[in-house]
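Tertiary structure, described
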Amino acid sequence: MSELFKRRFSRRHILTTAGLGAISATAIGSIGEEVAAQEPTQQATPRGGPLPPQIEFPPISASTEVETGGPPTALPPERRLGFAIVGLGRLSLEEIMPAFAESKLAKPTALVSGDAAKANQVAQQYGIKPQNVYNYQNYDNLRNNPDVDVIYIVLPNSMHREYTVRGAKAGKHILCEKPMATTVEDCQQMIDACKNANRKLMIAYRCQYEPHHRAMIQMIRSKELGAIKVIQADNGQNQGGDLNQWRLKRALAGGGSLPDVGVYCLNATRYLTGEEPIAISAQTFSTPGDPRFKEVEESVTFQLRFPSGILAICSTSYGFHEARRFRVFGSDAWGQLDPAFAYNGLRMMISRKSPTNSMAENVSEVRMSQKNQFALEIDHMADCVIQNKQPHTPGEEGLQDQKLITLIYEAAQTGKTITLPRVSGLDVTRGPAPRMLK
Ligand code: NAD
């Protein structure tokens, strides 16, 4: 591996070269201006402020070895932003609550659930005050709680709009799970509500904060793989269990595999290229008689064409065995993450002609330390509030995916290729690249 390549993927380099895109106004609309001034929030103690200095150790390994990055630094608890978690389902309890242990800027300070016994148990487990446990009826009372700066919405998809709008009206910043909502209109209402309340809105696209994904974006944008020709992305799992689960109900989920897991493929093609598609074609299929797919689709394949000529081929399914990967085919090399969309265990492979043996292909693995994606995303939201910055994945990012999901269904239904106006500029729906914290 060349010295340049090694340096490019040294940990320090990845942490410091995350920034790439600029925001520009386009036909699909530019993201909102940074909020000029924050209303003072009633807080028991002032939040935020600078991180304490990193504790340094003298080096113990040669310059040929990968750097460890040193010990993390974090805000003391009383200066961290307080998060209220809304909806205590699998994602909240299995991933999000544990992720706060790795957060550097945030702490869980309130819970909102329809199940008081469960919420009280979780509150005890995480040291959350009993008076900071809410239900869906008294949720709006969060307005009077100075322990809460940000509301993290982890409810079924069609409920995201209502709880975002109510949360913004209660004066809190909003971090909302993907998919942003189930209709374009709902997404727009969420953006408007946060804008009117002068609050920040971020969609929890965790992969966009993860080092392997950031490194792949960097490789593509710096032409490490040559000119990108094709991106192939697949994300799905065999969805089983309870036939009454909300994911199989159109009214709650908005669709089947496409908005739930296919959105990762769609979003990846957009953040890897930075471009917006100009043509969409698609097909859907559900196995006849399968009781899981009475209301929502099983499988979707879709193809996108981007202004630079890059083509994307994506598949998603609730019927195939778990696969969560993408491969980017460039003129000089290909790069892949497999898995790409899993919570952990991400692996990056690069394949190119050997620089020392013209008869050989070098297939190499680029290893980076695994980070908790939820902690990274939560800290980005907290960082944006503290620094008064636009989130990297604001409401406009979720809105654009929702618009494209709607068009993918339309293309599948009509069997026609849908063309879209060309959007100039890169990363037009994104805020500044995330600052990676030590
Ligand atoms: P889940 O079914 O495990 O939890 C949903 C929670 O909402 C439960 O606590 C449930 O009681 C509550 N709820 C309130 N009203 C409800 C209603 N009318 N019907 C059903 N449940 C209701 O779901 P989950 O897997 O935690 O997903 C929640 C959200 O998180 C979804 O938007 C999903 O797309 C998203 N998600 C994101 C990721 C990711 O990697 N970012 C992973 C999984 C889920």
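Below you will find a few notes about this structure. (Residues numbered from 1 in each chain as written. Predicted model: local features only at pLDDT ≥ 70, side-chain atom pairs only at ≥ 80, totals over all residues. Heavy atoms only, no water.)

1. Description of the site of the ligand
The ligand sits among 23 residues. The nearest are R90, N157, R206, W246 and Y264. Take R90: an N or O atom from its main chain is 2.8 Å from an oxygen atom of the ligand. At 2.8 Å from an oxygen atom of the ligand is found a side-chain nitrogen or oxygen belonging to W246. A total of 830 Å² of accessible area belongs to the ligand in isolation, and the protein chains cover 79% of it. If you list the elements that add at least two residues to the shell around the ligand, you get helix 3 (90–99) and helix 9 (257–273). (Near = heavy atom within 4 Å. Polar contact = N/O pair within 3.5 Å; in protein donor to acceptor, adjacent residues only side chain to side chain. Areas by Shrake-Rupley, 256 points an atom, 1.4 Å probe, with all protein chains shown as cover. Helix = DSSP H or I, 4+ residues; strand = E, 2+ residues; numbered from the N terminus.)

2. A short note on the packing of aromatic side chains
How two aromatic rings sit relative to each other is given by the distance of their centres and the angle of their planes. In total, this model carries 6 aromatic pairs according to the counting rule given. Positioned over the ring face of W334 is R327, at 3.6 Å from the centre of the ring. (Phe/Tyr/Trp six-rings, centres within 6.5 Å; stacked < 30°, edge-to-face > 60°. Lys NZ or Arg CZ within 6 Å of the ring centre and 35° of its normal.)

3. Details of unusual backbone geometry
For the bond from K178 to P179, the omega torsion is -15°, close enough to zero to count as cis. Position of P179 relative to the elements: it lies in the loop between strand 5 (173–176) and helix 6 (184–196). At the junction of D338 and P339, the peptide bond is cis and its omega measures out at 0° in the coordinates. With respect to the helices, strands and loops of the structure, P339 is situated in the loop between strand 12 (333–337) and strand 13 (348–353).

4. Notes on the pairing of strand 2 (residues 106–112)
Here strand 2 lies mainly inside the structure; 6 of its 7 residues are buried. Taken together, strand 1 (residues 81–86), helix 3 and strand 2 form a β-α-β motif whose crossover is right-handed. Here 2 bridges tie strand 2 to strand 3 (residues 133–134), and the two strands are oriented parallel to one another. The residue of strand 3 that forms the bridge with L111 is V133. Tracing the backbone out of strand 2, into helix 4 (residues 116–125) and back to the parallel element strand 3 gives a crossover that is right-handed. (Buried < 20%, exposed > 50% of the residue type's maximum accessible area, 1.4 Å probe, protein only. Right-handed = clockwise from strand over helix to strand, strands pointing away. Pairing = 2+ DSSP bridges.)

5. Quick word on the packing of helix 3 against helix 10 (residues 373–387)
One can describe the packing of helix 3 onto helix 10 by two numbers: an axis separation of 8 Å at closest approach and a directional angle of 65°. In this structure, helix 3 meets helix 10 at a crossing whose hand is right-handed. Packed against helix 3, whose contacting residues are L91, E95, I96 and A99, the element helix 10 presents F374, A375 and I378 at the interface. Looking at the contact of helix 3 with helix 10 residue by residue, the class counts come to 6 nonpolar, no polar and 1 charged. (Axes fitted to C-alpha atoms, helices over the stretch in contact; angles between N-to-C directions. Left-handed = near helix turned anticlockwise from the far one by under 90°. Contact = heavy atoms within 4.5 Å. Nonpolar A, V, L, I, M, F, W, Y, C, P; charged D, E, K, R; others polar.)

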